[in-house]
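# Architecture and fold: a report
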There are 2 protein chains.
Amino acid sequence: MARAAKPRENKDKKARDLPTGIALLWGEQDQPARGPKPRLTPQRIAEAAVTLADAEGLESVSMNKVAAGFGVSAMALYRYVPGKAELVELMVEAVLAEPPDLSAAGSGWRPRLSAWAHCQWGVYQAHPWLLAATAMRRQIMGPHQLAWMDAALAALEPTGLTSGQRHQVFLLIAGQVRSLAQQLADFDEDHNREWGRLTSELLNRHSNRFPALTKAIADGAFTSTELDPLDFGLDRILDGVQVLIDRA
Amino acid sequence: MARAAKPRENKDKKARDLPTGIALLWGEQDQPARGPKPRLTPQRIAEAAVTLADAEGLESVSMNKVAAGFGVSAMALYRYVPGKAELVELMVEAVLAEPPDLSAAGSGWRPRLSAWAHCQWGVYQAHPWLLAATAMRRQIMGPHQLAWMDAALAALEPTGLTSGQRHQVFLLIAGQVRSLAQQLADFDEDHNREWGRLTSELLNRHSNRFPALTKAIADGAFTSTELDPLDFGLDRILDGVQVLIDRA
DNA sequence: ACTCAGCGCTTACGGTATATACAGTTGCGG
DNA sequence: CCGCAACTGTATATACCGTAAGCGCTGAGT
């Protein structure tokens, strides 16, 4: 606990202090000089945890399994990471590379924001556990997270919107990508088909209770693939933002 | 396991069958005749779990605590609920009452959809753990969930959009409410202030790395309360949908 | 050469979900 | 009315989980 730098009052034993977690995320760790060489680093641990999560899902990322990957005991990890929550933060940060160069996507705010959304979408697709990981509290935000945020806000600057509005638009886009990734992560291919089968059976049984839903399923609204969910949602939102811009 | 109805092949011991979970959600449980009267029901258990989650958060809902509330042992719950995942499903279903009467909100698709979103928002505010609960997989959807879905789809019918488009719009709105609730749940009042303090300190240190973000914070974009996040996002999305309707 | 910070390990505790076996209770069929 | 079968709740046990505490070894700075 708080073995960093100075003695520290150490008033409340529990309650990890944010500064420690932040220092971790920002890589501001001064490496020791005295003892034996550390065999691990927080970054390497996070990396291993990421490959584990990619392969088997976040729920099977445990201190034990991660440590076993290095051939060390679980407790060894605590020399590098204060706890599991911080490890997950590091995983998130590890998976977020530098944000892409949006200026390559075009000159207007709209193509840039769209590119931003697609890139973020790609990250969620590559690492589905990111959703669960960022759903857990803390949200300290490492440099990579801030960089993504900065990129989106920068793309919005030429719109002429107020900074408050730009912030809201950012939240809107980020949330849209996130929630859509979530919805699609739940419904993988054949599970979707199975769900449709069971649901339609239920709907038949409770025939007139859900008229609109029954009709939608009969129309194939749930199985149609002609509309890309991300692009559809994005187009609607950006159209709406355009309306706001035009009104100003 | 699978003590229901018929002997059942029982091929794979693990892997709860969906039908059982669905029967639970839809209340299609035939009550037994032979043994002692059951002191509990799945619904009452879910109800107790809900009040526990409301009070102390979802992470402190454990079989033990819920059972203790009834003065029974943890294992007793397994007579009524196959496992914890199913219990959470029941909690979700319990918290979703019948959807509101949207026709009271006005005659157009827009006020009705807006009313739908605000009601959903209210549910998230009343039961913040819903976010975490629905983030966990399974998504079997009980009658209440389907009813909400039906209400939103019904509101969209007079738009003249295709059923596929209506479905996408529904996903868009639902996702928006959800992700916004999430974002606001993370940032409670003073935690937000603390975050701003630490982040601005970091930004000072890495002065020129995040120019747009730095400016946004300086402008107070993150602390301003003049824009209601839900209404702002909703207005943008609905404007975008209006554009789509007008184009058709 | 000595010291001691830092590393990795072992052990232990309290928590979780849940499988299994058992004892008590109830109602139906004979 | 009796006994069996179904059903209840409980006790016990397993296999995890995160992590607190303390021990012995390593190896660089003095």
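All values reported here derive from a predicted model rather than from experimental measurement.

A full pass over the atoms with the stated rule returns 6 aromatic pairs over all chains. On the numbers, 6.4 Å between centres and 85° between planes, the contact of A:Phe210 with B:Trp26 is edge-to-face. Here the residue A:Phe210 occupies a position in the loop between helix H9 (189–205) and helix H10 (211–218), and B:Trp26 occupies one in the loop between helix H1 (18–25) and helix H2 (42–56), the pair thus bridging two chains. Taking relative accessible area as the criterion, B:Trp26 reaches 11% and is therefore assigned buried. One aromatic cluster is present, built from ring pairs that chain together A:Trp116, A:Trp148 and A:Phe170. The lysine or arginine in question, A:Arg236, covers the ring of A:Phe232, its NZ or CZ lying 4.8 Å from the ring centre.

In this section: the relation of the copies chain B and chain A. Of the transformation superimposing chain B on chain A, the axial component is 0.0 Å and the angular component is 180°, with the fit at an RMSD of 0.2 Å. The operation mapping one copy onto its partner corresponds to a two-fold rotation axis. Residues of chain B ranked by C-alpha distance from the rotation axis are headed by B:Gly240, positioned 2.0 Å from it. Both copies share a contact surface, since 100% of the interface residues of chain B are interface residues in chain A too.

Taken together, the neighbourhood of DNA strand D is formed by 27 residues, with A:Tyr78, B:Pro36, B:Ser73, B:Arg79 and B:Tyr80 sitting nearest. Backbone sugar and phosphate groups make up 65% of those atoms of DNA strand D lying within 4 Å of the protein. Contact between DNA strand D and A:Ser62: a phosphate oxygen at 3.0 Å from a side-chain N or O atom of the residue. Separating a base oxygen of DNA strand D from a side-chain N or O atom of B:Arg79 is a distance of 2.5 Å. Here the element with the most residues in the surface near DNA strand D is helix H3 (residues 63–70) of chain A; it accounts for 3 residues. Taken together, the residues of the surface near DNA strand D break down into 14 nonpolar, 5 polar and 8 charged.

Turning our eyes to something else, we now look at the confidence of the model for chain A. On average, residues of chain A score 86 in pLDDT, and 88% of them are at 70 or above. Note on residues 1–15 of chain A: pLDDT is under 50 here. Beyond four places in sequence and across chains, it has 5 contacts.

Below, the discussion takes up the packing of helix H7 (residues 143–156) of chain A against helix H10 (residues 211–218) of chain B. H10(B) packs onto H7(A) with a crossing angle of 80° between their chain directions and a minimal axis gap of 7 Å. On the basis of their axis angle, the class for H7(A) and H10(B) is roughly perpendicular. Counting all contacts with H7(A), which are made through A:Leu146, A:Met149, A:Asp150, A:Leu153 and A:Ala154, the residues of H10(B) involved are B:Pro211, B:Ala212, B:Leu213 and B:Ala216.

Our focus in this paragraph is the interface of chain B and chain A. Frequently, the measure chosen for interface size is the accessible area that the parts lose on association. Contact with chain B, which involves 66 residues of that partner, is made by 67 residues of chain A. Roughly 5900 Å² is buried in total at the junction of chain B and chain A, and carbon and sulfur atoms are behind 66% of that figure. Applying the counting rule to chain B against chain A returns 4 salt bridges. As a salt-bridge pair, A:Glu157 and B:Lys215 come within 3.8 Å of each other at their nearest N and O atoms. Top element by residues in the side of chain B that touches chain A is helix H8 (residues 163–186) of chain B. It accounts for 16 residues. Counted by class, the side of chain B that touches chain A contains 33 nonpolar, 16 polar and 17 charged residues.

Our next topic: the protein's contact with DNA strand C. Taken together, 28 residues are adjacent to DNA strand C, and A:Ser73, A:Arg79, A:Tyr80, B:Arg34 and B:Tyr78 come closest. Taking all atoms of DNA strand C within 4 Å of the protein, the share assigned to sugar and phosphate is 59%. A:Arg79 is positioned such that a nitrogen or oxygen atom in its side chain is 2.4 Å from a base oxygen of DNA strand C. A distance of 2.8 Å is found between a phosphate oxygen of DNA strand C and a side-chain nitrogen or oxygen belonging to B:Tyr78. The residue makeup of the surface near DNA strand C, split by class, is 13 nonpolar, 7 polar and 8 charged.

A word on H2(B). Residue and element names in this part refer to chain B. Taking 1.5 Å of rise per residue, the 15 residues of H2 would be expected to cover 21 Å, and the 21 Å separating its terminal C-alpha atoms lies within 8% of that figure. All of the buried residues along H2 are Pro-42, Ile-45, Ala-46, Ala-49, Val-50, Leu-52 and Ala-53. Burial along H2 is one-sided: seen end-on, the buried residues are contained in an arc of 165°. Residues of H2 that are exposed and point more than 90 degrees away from the buried face comprise Glu-47, Thr-51 and Ala-55. Positioned one or two residues after H2, Gly-57 has a phi angle of 95°, which is positive.

Before going further, it helps to examine the side chain of A:His206. Topologically, A:His206 is positioned in the loop between H9 and H10. Residues in contact with A:His206, not counting those within four places in the same chain, are B:Trp26 and B:Glu28.

This paragraph deals with the environment of A:Arg193. Residue position: A:Arg193 is located in helix H9. C-alpha of A:Arg193 to C-alpha of A:Thr223: the two residues are 30 residues apart in sequence and 8.2 Å apart in space.

Analysis parameters
- Residues numbered from 1 in each chain as written.
- Chains lettered and ligands numbered in written order.
- Predicted model: local features only at pLDDT ≥ 70, side-chain atom pairs only at ≥ 80, totals over all residues.
- Heavy atoms only, no water.
- Phe/Tyr/Trp six-rings, centres within 6.5 Å; stacked < 30°, edge-to-face > 60°.
- Helix = DSSP H or I, 4+ residues; strand = E, 2+ residues; numbered from the N terminus.
- Buried < 20%, exposed > 50% of the residue type's maximum accessible area, 1.4 Å probe, protein only.
- Lys NZ or Arg CZ within 6 Å of the ring centre and 35° of its normal.
- Least-squares fit on C-alpha atoms with pLDDT ≥ 70 in both.
- Contact = heavy atoms within 4.5 Å.
- Near = heavy atom within 4 Å.
- Polar contact = N/O pair within 3.5 Å; in protein donor to acceptor, adjacent residues only side chain to side chain.
- Nonpolar A, V, L, I, M, F, W, Y, C, P; charged D, E, K, R; others polar.
- pLDDT = per-residue confidence, 0-100.
- Axes fitted to C-alpha atoms, helices over the stretch in contact; angles between N-to-C directions.
- Parallel < 35°, antiparallel > 145°, perpendicular 65-115°, else oblique.
- Buried area = accessible area lost by both parts, 1.4 Å probe.
- Salt bridge = Lys/Arg side-chain N within 4 Å of Asp/Glu carboxyl O.
- Expected span 1.5 Å × (residues − 1).
- Arc of directions from axis to C-beta.

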